[in-house]
Amino acid sequence: MLNIVLFGPPGSGKGTQSEKLIEKYGLIHLSTGDILREEIAKLTHLGKKAKEYLDCGELVPDKDIVNMVANQLDKEKSSSGFIFDGFPRTCAQAKFLRNMLTERETRVDIMIALQVKEEELIKRLLKRGKETGRPDDELSIIRNRIEVYERQTSAVIGFYKKMHKYAPVNGLGTIEKIFENIVDVVEKALLPPFSV
Ligand code: ADP
């Protein structure tokens, strides 16, 4: 099993790089943002509740997120691994993920953290907003999402650092070059311990 946490601020390229990783390693994509948007489109109870948070760029409560992730993990019992995209976003979520994976006798192998500076994030998200009409890709909401990332989400880095699983990767450059750097990190994480 290979489990990757793909981490980074909004607009850092997690979705784009996830697609490429899935293609290469045959993993299941678990994007909490995508699942929430599906729930919103289906007008479910969770969707209606989540919409209020997404509309202003705040985090959906941990309790709702962890239930949602637990359901997804249960659905995909036989998969060869997961890419967690946009999750965990708080230390409570990171602890929950560790416990869920331990119960399944597996673990997060590596946390890849895409590094992109703020001006570039805003530029990319505004462009995506124009192209896709995603409602939270609007300037004041983008600013709040970045602030929420700094205030609540960046602490997750410390959690994985302590476990020696934190791998920062430059998120600027061509999609291909960034992907090459990510693959290098993944391949290193896959090497058995003590090999040279
Ligand atoms: P981005 O990383 O570009 O902000 P996402 O699609 O990952 O986009 O997330 C969009 C929104 O969905 C977030 O602003 C937040 O409101 C909600 N969300 C997604 N994942 C989580 C999570 N793990 N915990 C809490 N809220 C989440």
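A short tour of the structure in this document, coming up. Remember, predicted model here, so these are calculated numbers, not experimental data.

We now examine the pairing of strand E1 (residues 2-7). Within E1, six of the six residues are buried, which leaves the element mostly enclosed by the surrounding structure. Covered by surrounding structure in E1 are Leu2, Ile4 and Leu6 together with Asn3, Val5 and Phe7, the residues of both alternating faces.

With that settled, the discussion passes to the pattern of salt bridges. Note on pairing: side chains with opposite charge can pair once their charged atoms come close. Summed over all chains, the structure comprises 15 salt bridges. In this structure, the salt-bridge partner of Asp64 is Lys49, at a minimum N-O distance of 2.8 Å. Residue Asp64 is found in helix H4 (residues 62-75), and its partner Lys49 is found in helix H3 (residues 45-54); the two are separated by 15 residues along the sequence. Given the relative accessible area of 31%, Lys49 is considered partly exposed. Ionic pairing is found between Lys177 and Glu180, a salt bridge with its closest N-O pair at 3.3 Å. Of this pair, Lys177 and Glu180 both sit in helix H9 (residues 175-190), three residues apart, which is roughly one turn of the helix. Residue Glu180 is classed as partly exposed on the basis of its relative accessible area of 47%. Because the salt bridges share partners, they merge into one network encompassing Arg128, Arg134, Asp136, Asp137 and Arg145.

Inspection of the secondary structure assignment puts Arg134 in the loop between helix H6 (118-132) and helix H7 (139-153). Arg134 sits in the buried class, given a relative accessible area of 19%. Reaching out from Arg134, the side chain makes a polar contact with the side chain of Asp136 at a distance of 2.8 Å. Setting aside residues up to four positions removed in sequence, Arg134 forms contacts with Arg37, Arg128, Gly129 and Arg145.

Attention now moves to the sheet that holds strand E3 (residues 81-85). In a beta sheet, neighbouring strands are held together by backbone hydrogen bonds and run either parallel or antiparallel to one another. Ordered in space as E2-E3-E1-E4-E5, the five strands form an open sheet in which the pairing is parallel. On the outer flanks of this sheet lie strand E2 (28-31) and strand E5 (166-170), each paired with one strand and no other. Pairs of neighbouring strands in the sheet enclose a mean axial angle of 20°, with direction left out of account. Alignment of strand E4 (residues 110-115) against E5, held across five bridges, turns out to be parallel. Across the sheet, Leu114 pairs through a bridge with Val169, a residue of E5.

Turning next to the packing of aromatic side chains. In this structure the tally under the stated criterion is four aromatic pairs. Considering the side-chain rings of Phe82 and Phe84, the 5.6 Å spacing of their centres and the 25° angle between planes classify their relative orientation as stacked. With relative accessibility at 3%, the residue Phe82 sits in the buried group. Relative accessible area serves as the criterion here: at 0%, Phe84 is assigned to the buried category. One aromatic cluster is present, built from ring pairs that chain together Phe82, Phe84 and Phe87. We note Lys20 situated over the ring of Phe179; from NZ or CZ to the ring centre the distance is 5.2 Å.

Rules and cut-offs
- Residues numbered from 1 in each chain as written.
- Predicted model: local features only at pLDDT ≥ 70, side-chain atom pairs only at ≥ 80, totals over all residues.
- Heavy atoms only, no water.
- Buried < 20%, exposed > 50% of the residue type's maximum accessible area, 1.4 Å probe, protein only.
- Helix = DSSP H or I, 4+ residues; strand = E, 2+ residues; numbered from the N terminus.
- Salt bridge = Lys/Arg side-chain N within 4 Å of Asp/Glu carboxyl O.
- Polar contact = N/O pair within 3.5 Å; in protein donor to acceptor, adjacent residues only side chain to side chain.
- Contact = heavy atoms within 4.5 Å.
- Pairing = 2+ DSSP bridges.
- Axes fitted to C-alpha atoms, helices over the stretch in contact; angles between N-to-C directions.
- Phe/Tyr/Trp six-rings, centres within 6.5 Å; stacked < 30°, edge-to-face > 60°.
- Lys NZ or Arg CZ within 6 Å of the ring centre and 35° of its normal.

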